[in-house]
Amino acid sequence: EPEVTQTPSHQVTQMGQEVILRCVPISNHLYFYWYRQILGQKVEFLVSFYNNEISEKSEIFDDQFSVERPDGSNFTLKIRSTKLEDSAMYFCASSFPGGGHSYNEQFFGPGTRLTVL
Amino acid sequence: AQKVTQAQTEISVVEKEDVTLDCVYETRDTTYYLFWYKQPPSGELVFLIRRNSFDEQNEISGRYSWNFQKSTSSFNFTITASQVVDSAVYFCALSAGGSYIPTFGRGTSLIVHP
């Protein structure tokens, strides 16, 4: 069964460093998403991406964040200058547009745990 | 704006007990979707169910059942005869207003003791 994959599973970085989190969405999916979950808290939406541009973003997704689909398979989240509070689990998700009243089901990856020291 | 409330932060039960996880939602939209996800200790999010606002039929899947009540804006989740492997954090979520972006509740941590 096709699945969303994410690498690395755990990333440790120093405050102020740039990190890139990678995701490989399901191959025929067209919508891509990033979510964040600070330890012990709820999952929060960061950004959605469609047709090579951001379609929706939350207040969390400020200028420190960027997303890119550098090739036909990867979808990346870059944090330019990490802060301690960026420590969290980051989930990638992808979906295929449903026709008519079909729901645009999102499939989540296993997550990347980011630790900023 | 949408809101999901999971009032139970943590529930502890002994194996074979039935347990119900509560979820109350708020939205002004008439078309919306409700979800439950399971997050085991390994951290991934496992999709359990999706319900749309026009389908109030309760659903049963093995030991899992869901009770959708529009009158009380609730979408509760019951595990019958709980098992240790059910130990996880369970999230209820809502998407509405034409957006497919779910708003998650804070989650309920379920601990099932042998």
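Residues numbered from 1 in each chain as written. Chains lettered and ligands numbered in written order. Predicted model: local features only at pLDDT ≥ 70, side-chain atom pairs only at ≥ 80, totals over all residues. Heavy atoms only, no water.

**Q** Looking at this structure, I do not really get the interface of chain B and chain A. What am I missing?
**A** How big an interface is tends to be expressed through the accessible area that disappears when the partners come together. Contact with chain B, which involves 18 residues of that partner, is made by 19 residues of chain A. Summing the contributions of chain B and of chain A, the shared interface buries around 1,600 Å²; its carbon and sulfur component is 59%. The largest share of the area that chain B buries against chain A comes from B:Leu45, B:Tyr100 and B:Ile101, three residues that together contribute 36% of it. Between chain B and chain A we count zero salt bridges in total. On the surface where chain B and chain A come into contact, there are one residue pair in polar contact (both at pLDDT 80 or more). Every element with two or more residues in the side of chain B that touches chain A is listed here: strand 5 (32–39), strand 6 (46–52) and strand 10 (88–96) of chain B. Considering each element in turn, the side of chain B that touches chain A owes the most residues, four residues, to strand 5 of chain B. Split into classes, the residues belonging to the side of chain B that touches chain A amount to 10 nonpolar, five polar and three charged. (Contact = heavy atoms within 4.5 Å. Buried area = accessible area lost by both parts, 1.4 Å probe. Salt bridge = Lys/Arg side-chain N within 4 Å of Asp/Glu carboxyl O. Polar contact = N/O pair within 3.5 Å; in protein donor to acceptor, adjacent residues only side chain to side chain. Helix = DSSP H or I, 4+ residues; strand = E, 2+ residues; numbered from the N terminus. Nonpolar A, V, L, I, M, F, W, Y, C, P; charged D, E, K, R; others polar.)

**Q** For this particular structure, what's the right way to read the pairing of strand 8 (residues 64–69) of chain B?
**A** Regular strands show a simple pattern: their side chains alternate between the two faces of the sheet. Residue and element names in this part refer to chain B. Of the two faces of strand 8, the one lined by Tyr-64, Trp-66 and Phe-68 is fully buried and the one lined by Ser-65, Asn-67 and Gln-69 carries no buried residue. Where strand 7 (residues 59–61) meets strand 8, three bridges bridge the pair, whose relative direction is antiparallel. Residue pairing in the sheet places Glu-59 in a bridge with Trp-66 of strand 8. In sequence, strand 7 turns back onto strand 8 through a hairpin of two residues, with Gly-62 there showing a positive phi of about 65 degrees. Where strand 8 and strand 9 (residues 74–79) come together, six bridges link them in antiparallel fashion. Across the sheet, the residue bridging to Tyr-64 is Ile-79, located in strand 9. What sits between the antiparallel neighbours strand 8 and strand 9 is a turn of four residues, in which Ser-73 has the positive phi angle 50 degrees. (Buried < 20%, exposed > 50% of the residue type's maximum accessible area, 1.4 Å probe, protein only. Pairing = 2+ DSSP bridges.)

**Q** Quick question: what am I supposed to make of the nonpolar core here?
**A** If you look at soluble globular proteins, the nonpolar side chains tend to sit buried side by side. Residue and element names in this part refer to chain B. Formed by 25 residues in total, the largest nonpolar core has its most connected members in Trp-36, Trp-66, Phe-77, Tyr-90 and Leu-110. Residue assignment for this core shows that the elements contributing at least two residues are strand 2 (10–14), strand 3 (19–21), strand 5, strand 6, strand 8, strand 9, strand 10 and strand 12 (108–113). At five residues, the largest contribution of residues to this core is made by strand 10. Excluding residues within four positions of it along the chain, Tyr-90 makes contact with Gln-6, Leu-21, Trp-36, Tyr-37, Lys-38, Leu-48, Tyr-64, Phe-77, Ile-79, Gly-107, Thr-108 and Leu-110. (Core = buried A, V, L, I, M, F, W, Y, C linked by side-chain atoms within 4.5 Å.)

**Q** For this particular structure, what's the right way to read the packing of aromatic side chains?
**A** Given two aromatic rings, one states the distance between the centres and the angle between the planes to describe the pair. Scanning the entire structure with this criterion turns up 24 aromatic pairs over all chains. Aromatic pair A:Trp34 and A:Phe75: ring centres 5.9 Å apart, planes at 25 degrees, arrangement stacked. Separated by 41 residues along the polypeptide, A:Trp34 in strand 4 (residues 31–37) and A:Phe75 in strand 8 (residues 75–79) bring together distant segments of the chain. Judged by its relative accessible area of 0%, A:Phe75 is buried. Judged by centre distance (6.0 Å) and plane angle (85 degrees), the ring pair of B:Tyr64 and B:Trp66 falls under edge-to-face. Taken as a pair, B:Tyr64 and B:Trp66 share a single burial class, namely buried. Three or more aromatic residues link up through ring pairs in this structure, and these residues are A:Tyr33, A:Tyr35, A:Phe45, A:Phe91, A:Phe108, B:Phe35, B:Tyr37, B:Phe47, B:Phe91 and B:Phe104. (Phe/Tyr/Trp six-rings, centres within 6.5 Å; stacked < 30°, edge-to-face > 60°.)

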